[in-house]
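A structural walkthrough
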Amino acid sequence: MRGPGLRLALVEGPGGRRSCRVVHAVFPAVEGLLRGMPVGTVAQVVRRLHGLCRAAQGLAADLAIAAATGVSIPGDTVRVAWRQAEMEAVCEIGMRMCLDWPLLIDEAPRTQEARHLVTLTRAADGAGLARWLAAMEDQGLPGRVLDAAPPALAPVFAVRLADLCRRAGLDIQGDGLPQGVSSAPGQGEAGVQCARGRLTHHGLAERGRLVDYRIDAPTARRFAAGGDAAALLAACGNACAVNWTMQAIDPCVGWRLDEAVEMA
């Protein structure tokens, strides 16, 4: 596999017990491209470099750079950007429910519903999203997925459904807006909740340019050493279990399972 992504393999260990392990894990590394840039261009470049969670990535960059440079972003501007990030998360979670979750229970993807969701989230149509969610509930797809999910993973899918409903109707007031913080001159940090968890940007600026930058993203964190992805996958003995687990994790990069069993 070339480029960013995950490659998994089923492995047979002692006694013939099978498990899944991560044999390849690469994630987009944009930080090196940002170092040395004028601080005023960082957030724009971050948005261009990220295909998924673009709004959340851009907002986190805006807030981190503002904190590092002592600039105040108007609350109304942050509120609009945060609502865009929330609609982005609704679209991400909803698309997985429409296109990927049905495959877990041998049903056809809901392509028409997915297209409608994209239209609603782009317009930030709260009333339309409420009707969309009600229609999905009436179809029974979320309930069938929860009923079929492995017991250990069913709560994960339930939380994601609840998160989808909460975000769709969110009306953020001033106290709920994300903010950047600075712990020292030239340093800024900001965290934003995206579709897969908390996303944090850290920046260090000197004389109007970016000296250092770090992005702590949920998927990279889960697949890093000490993350929970390896243990969750190790409990999977077949492709079906791997599929359920990966849909529960919902990585932000492509993944592939090599089903030919390897020897540990």
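In case you missed it, the structure is sitting above this.
Note that the structure is predicted; figures quoted are calculated from it, not measured.

Overview of the environment of Leu 161
Here Leu 161 shows up in helix α9 (residues 154–168). Between the alpha carbons of Leu 161 and Ile 93 there is a distance of 8.1 Å; along the sequence they are 68 residues apart. If we skip the residues at most four places from it in the chain, Leu 161 touches Met 97, Trp 101, Pro 142 and Leu 146.

Looking at the side chain of Asp 258
Relative to the elements of secondary structure, Asp 258 occurs in strand β7 (residues 255–263). Here Arg 7 takes part through its side chain, which lies 2.5 Å from a polar atom of the side chain of Asp 258. If near-sequence neighbours (up to four positions away) are discounted, Asp 258 is found in contact with Arg 7, Leu 8, Ala 9 and Leu 10.

A look at the state of the cysteines
In the structure shown here, the tally under the stated rule is 0 disulfides. Free cysteine Cys 165: the closest other cysteine sulfur is in Cys 98, separated by 13 Å. Residue Cys 252 stays outside any disulfide, its sulfur separated by 6.7 Å from that of Cys 53, the closest cysteine. A relative accessible area of 32% places Cys 252 in the partly exposed class.

Describing the nonpolar core
For soluble globular proteins, nonpolar side chains are generally found buried alongside one another. In this structure, Met 97, Trp 132, Phe 157 and Trp 244 are the most contacted members of the largest nonpolar core, which totals 31 residues. Those elements that place two or more of their residues in this core are α4 (75–99), α5 (101–104), α6 (111–122), α7 (126–139), α8 (141–148), α9 and α12 (239–249). The element contributing the most residues to this core is α4, with 8 residues. Aside from chain neighbours lying at most four places away, what touches Met 97 is Pro 102, Trp 132, Met 136, Leu 141, Pro 142, Leu 161 and Leu 164. Core analysis: the next-biggest nonpolar cluster, separate from the first, contains 30 residues, Val 45, Leu 59, Ala 61 and Ile 215 among them.

What about the pairing of strand β2 (residues 18–26)?
Looking along a regular strand, one sees the side chains alternate between the two faces of the sheet. In terms of strand pairing, strand β1 (residues 5–12) meets β2 through 8 bridges, oriented antiparallel. When the bridges of β2 are listed, Glu 12 appears paired with Arg 18. Between β1 and β2, which pair antiparallel and follow one another directly, the connecting turn spans 5 residues, one of which, Gly 15, has a positive phi of 75 degrees.

Some words on the environment of Gly 58
Within the element layout of this structure, Gly 58 appears in helix α3 (residues 54–69). Each C-alpha atom of the pair Gly 58 and Thr 77 lies 13 Å from the other, and the pair is 19 residues apart in sequence. Aside from chain neighbours lying at most four places away, what touches Gly 58 is Ala 43, Val 46 and Arg 47.

Re unusual backbone geometry
Even without being a glycine, Cys 53 presents a positive backbone phi close to 55 degrees. Examined against the element boundaries, Cys 53 turns out to sit in the loop between α2 (42–49) and α3. With a phi angle near 60 degrees, Asp 106 is a residue other than glycine that sits in the positive phi range. Considering the arrangement of structural elements, one finds Asp 106 in the loop between α5 and α6. Overall, the relative accessible area of 75% leaves Asp 106 in the exposed class.

Quick notes on the packing of α2 against α3
A pair of packed helices is characterised by two quantities: the angle between their axes and the separation of those axes. Where α2 meets α3, the axes come as close as 8 Å, and the angle between the chain directions of the two elements is 160 degrees. Put simply, α2 runs roughly antiparallel to α3. The handedness of the crossing between α2 and α3 is right-handed. On α3, the residues touching Val 42, Ala 43, Val 46 and Arg 47 of α2 are Arg 54, Gln 57, Gly 58, Leu 59, Ala 61, Asp 62 and Ile 65. When grouped by side-chain class, the residues that make up the contact of α2 with α3 number 6 nonpolar, 2 polar and 3 charged.

Conventions and cut-offs
- Residues numbered from 1 in each chain as written.
- Predicted model: local features only at pLDDT ≥ 70, side-chain atom pairs only at ≥ 80, totals over all residues.
- Heavy atoms only, no water.
- Helix = DSSP H or I, 4+ residues; strand = E, 2+ residues; numbered from the N terminus.
- Contact = heavy atoms within 4.5 Å.
- Polar contact = N/O pair within 3.5 Å; in protein donor to acceptor, adjacent residues only side chain to side chain.
- Disulfide = S-S within 2.5 Å.
- Buried < 20%, exposed > 50% of the residue type's maximum accessible area, 1.4 Å probe, protein only.
- Core = buried A, V, L, I, M, F, W, Y, C linked by side-chain atoms within 4.5 Å.
- Pairing = 2+ DSSP bridges.
- Axes fitted to C-alpha atoms, helices over the stretch in contact; angles between N-to-C directions.
- Parallel < 35°, antiparallel > 145°, perpendicular 65-115°, else oblique.
- Left-handed = near helix turned anticlockwise from the far one by under 90°.
- Nonpolar A, V, L, I, M, F, W, Y, C, P; charged D, E, K, R; others polar.

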